[in-house]
Amino acid sequence: MGTSLLIARLFGIPVRLHWTFLLLAVWLVSTHYSFGGTINWADMGWTLASVTALFLCVLLHELGHALTARRYGVNTQKILLLPIGGLAMLDRLPDKPPQEMWVAAAGPLANLALAFVLLPVILLMPGNNLETILGYWLYPNGNYFIHDASRFEYLLVGLVALNVLVALFNLIPAFPMDGGRIFRALLSTRWPRLQATTIAVRTGQAIAIVLVALSIPSFNWLMALAAAFIFFSAAFELNMIREDHLLKNKTVGDAARYSFTKIYTTDVLGEIDDVFRYKTKDEYLFVFDEWNNFVGVLDGAVMLAAINENETSYVTRVMAAKLLHPPSLTLDDKLHDVLQVLSDTDWKLLPVSDRNGKLVAVINTKIITYYLRQTKWGLFR
Ligand SMILES: [Zn+2]
């Protein structure tokens, strides 16, 4: 996702600002820069205040998600603020559908709550009533709200409208918008998770297509972009759930590759040069002793350096300092757990043993991904 700046830590959650915010700053200055070369600082100050207020609303929305998730024991790694909106990165989704529903709903609800707090504040200011405010929202260029309203009042009125809009937009039942997640959670009470997700995703994609169709005649590219985003992230989410479903009942033996590069402690480096350079693309070479017992692995890059240094040397010499001992898996291990091990550690290739402890296969994320790509087609056959 690129570089971001830590701007605050709220309730123990790091809040980060994405670097693309710089673009927003450039835009902000450029809109207030006239040809004469002067900048209207007062206008810019108010624009800056509006943009800041907007992002505080987005932050509030994400905090709604994060703090509700915390109630269900789910930690939030960080909240990322992008010019296109916010992102609360949860460690995982809560286990039960009603919990997921509340976590999803808490974001829009936080915005609605703020709107309901701000509205009476505006109404208490002299000269304001619900009619003028509604009129101003519906016809911003009309004659409503024309008493001597201060910029501050306009900002508040704008914020109320904005929070209502943000809430409504997020409640569109299109996955992966919050509304889509609520929809999926409701479906999950009747159907299995995979089916519920498929229905929610397809519904979301249908809505996205309608939105694109609506946005083209009016040249509303922002809406078209948002719709395209919904369409593709829905597909991505479905893919993830499908992989999860596939992984659930699969073992290492299903996905592992039953060929790997075998070398012996007694090999002369010059002899294995060819095998290594032309016949394998593996990250590790698997080392066996003269009784055919697996003793460990050597990193390909380390071997290449050793070969270049001294072709007449033996594998044993390299091993002395560089032999690695990755954790050994068995054919019956759950594929799901192995993916976790691979993503938590730096091992590039893990050895897999049969029930007798004999090394028979290897596995890594690339091999699993390849396997999943092959199997996915079978799912709806
Ligand atoms: Zn949200």
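Rules of the game
- Residues numbered from 1 in each chain as written.
- Predicted model: local features only at pLDDT ≥ 70, side-chain atom pairs only at ≥ 80, totals over all residues.
- Helix = DSSP H or I, 4+ residues; strand = E, 2+ residues; numbered from the N terminus.
- Rg over C-alpha atoms; globule rule 2.2 N^0.38 Å.
- Buried ≥ 20, exposed ≤ 12 C-beta atoms within 10 Å, placed from the backbone.
- Axes fitted to C-alpha atoms, helices over the stretch in contact; angles between N-to-C directions.
- Left-handed = near helix turned anticlockwise from the far one by under 90°.
- Contact = placed C-beta atoms within 7 Å.
- Nonpolar A, V, L, I, M, F, W, Y, C, P; charged D, E, K, R; others polar.
- Pairing = 2+ DSSP bridges.
- Core = buried A, V, L, I, M, F, W, Y, C linked by C-beta atoms within 7 Å.
- Expected span 1.5 Å × (residues − 1).
- pLDDT = per-residue confidence, 0-100.
- Parallel < 35°, antiparallel > 145°, perpendicular 65-115°, else oblique.

1. Some words on the overall build of the protein chain
Broken down by element type, the protein chain carries 14 helices and 10 strands. Taking 381 residues into account, the globule formula puts the C-alpha radius of gyration at 21 Å, and the protein chain, at 29 Å, lies well above it. Each principal axis of the C-alpha atoms in the protein chain carries an extent, and together these give about 95 × 60 × 45 Å. The 381 residues of the protein chain split such that 25% are buried.

2. Digging into the packing of helix α6 (residues 178–188) against helix α7 (residues 193–215)
Look at α6 against α7: their axes get within 8 Å of each other, and the N-to-C directions meet at 145°. Considering the relative orientation of α6 and α7, their crossing is right-handed. The residues of α7 that touch α6, namely those facing Gly180, Phe183, Arg184, Leu187 and Ser188, are Arg193, Ala196, Thr197, Ile199, Ala200, Thr203 and Gly204. Here the residues of the contact of α6 with α7 sort into five nonpolar, five polar and two charged.

3. Some details on the sheet that holds strand β8 (residues 329–330)
One open sheet holds the three strands; their spatial order is β8-β9-β10, and the pairing between them is mixed. The outermost strands of the open sheet, each flanked by one partner alone, are β8 and β10 (359–363). Of the pairings in the sheet, the one linking β8 to strand β9 (residues 350–353) comprises two bridges and is parallel in character. Within β9, the residue paired with Thr330 across the bridge is Ser353.

4. Here we look at the environment of Leu222
Its place among the elements puts Leu222 in helix α8 (residues 221–248). Separated by 129 residues in the primary sequence, Leu222 and Pro351 place their C-alpha atoms 50 Å from one another.

5. Digging into the nonpolar core
The biggest cluster of nonpolar side chains holds 33 residues, and the ones touching the most others in it are Ala208 and Ile230. The set of elements that each furnish at least two residues to this core consists of α2 (41–71), β3 (76–82), α3 (97–124), α6, α7 and α8. Among the elements that line this core, the one with the most residues is α3, at seven residues. Filtering out sequence-adjacent residues up to four positions away, Ala208 remains in contact with Ala174, Ala227, Ile230 and Phe231. Of all hydrophobic cores here, the second largest spans 26 residues; its members include Leu247, Ala256, Val318 and Val338.

6. Considering α6
The element α6 is largely enclosed, with a buried count of nine among its 11 residues. Regarding α6, the residues found buried are Asp178, Gly179, Gly180, Arg181, Ile182, Phe183, Arg184, Ala185 and Ser188. Buried residues in α6 make contact with α3, α5 (151–170) and α7.

7. Considerations on the pairing of strand β6 (residues 284–288)
Two strands pair when backbone bridges link them, and strand β5 (residues 262–264) and β6 are joined in this way by three bridges, in the parallel orientation. Across the sheet, Lys262 pairs through a bridge with Phe286, a residue of β6. Linking β6 to strand β7 (residues 294–299), which pair antiparallel, is a turn of five residues; within it Asn292 sits at a positive phi near 65°.

8. A look at α5
Here α5 is 20 residues long and its end C-alpha atoms lie 28 Å apart, about the 28 Å a rise of 1.5 Å per residue gives. The set of residues buried in α5 consists of Leu156, Val157, Leu159, Asn163, Val166, Ala167 and Asn170.

9. A word on the sheet that holds β7
The mixed open sheet is built from three strands, whose spatial order is β5-β6-β7. The outermost strands of the open sheet, each flanked by one partner alone, are β5 and β7. The sheet shows a mean angle of 35° between the axes of neighbouring strands, taken without regard to direction. Where β6 lies against β7, five bridges are found, and the strand directions are antiparallel. Among the inter-strand pairings, Tyr284 is bridged to a residue of β7, identified as Asp299. Most of the contacts of helix α11 (residues 300–309) go to β7, to which it runs at about 80°, and overall it touches β6 and β7. Strands β5, β6 and β7 of the sheet are contacted by helix α12 (residues 315–322), whose axis makes an angle of about 80° with β7.

10. Structural notes on unusual backbone geometry
In the Ramachandran plot, Phe11 falls in the positive-phi region, its phi being about 55° despite a non-glycine side chain. Here Phe11 is to be found in the loop between β1 (4–10) and β2 (13–18). Overall, Phe11 belongs to the exposed group, with 10 C-beta atoms counted inside 10 Å.

11. What to know about the confidence of the model for the protein chain
Residues of the protein chain with pLDDT of at least 70 account for 90%, and the chain-wide mean is 81. For residues 377–381, every residue scores under 50 in pLDDT, and the model assigns this stretch two contacts once sequence neighbours within four places are set aside.

12. Focus on the packing of α3 against α5
Following both chains from N to C, one finds α3 and α5 inclined at 155°, their axes separated by 8 Å at the closest point. Taken as axis vectors, α3 and α5 run roughly antiparallel relative to one another. The two elements α3 and α5 cross, and the hand of that crossing is left-handed. Counting all contacts with α3, which are made through Gly107, Pro108, Asn111, Leu112, Leu114, Ala115, Leu118, Leu119, Val121 and Ile122, the residues of α5 involved are Glu153, Leu156, Val157, Leu159, Val160, Asn163, Val164, Val166, Ala167 and Asn170. When grouped by side-chain class, the residues that make up the contact of α3 with α5 number 15 nonpolar, four polar and one charged.

13. A look at the environment of Leu67
Mapped onto the elements of the fold, Leu67 is located in helix α2. Exposure remark for Leu67: the 17 C-beta atoms within 10 Å place this residue in the partly exposed category. Along the primary structure Leu67 and Trp46 are separated by 21 residues, whereas in three dimensions their C-alpha atoms are 31 Å apart.

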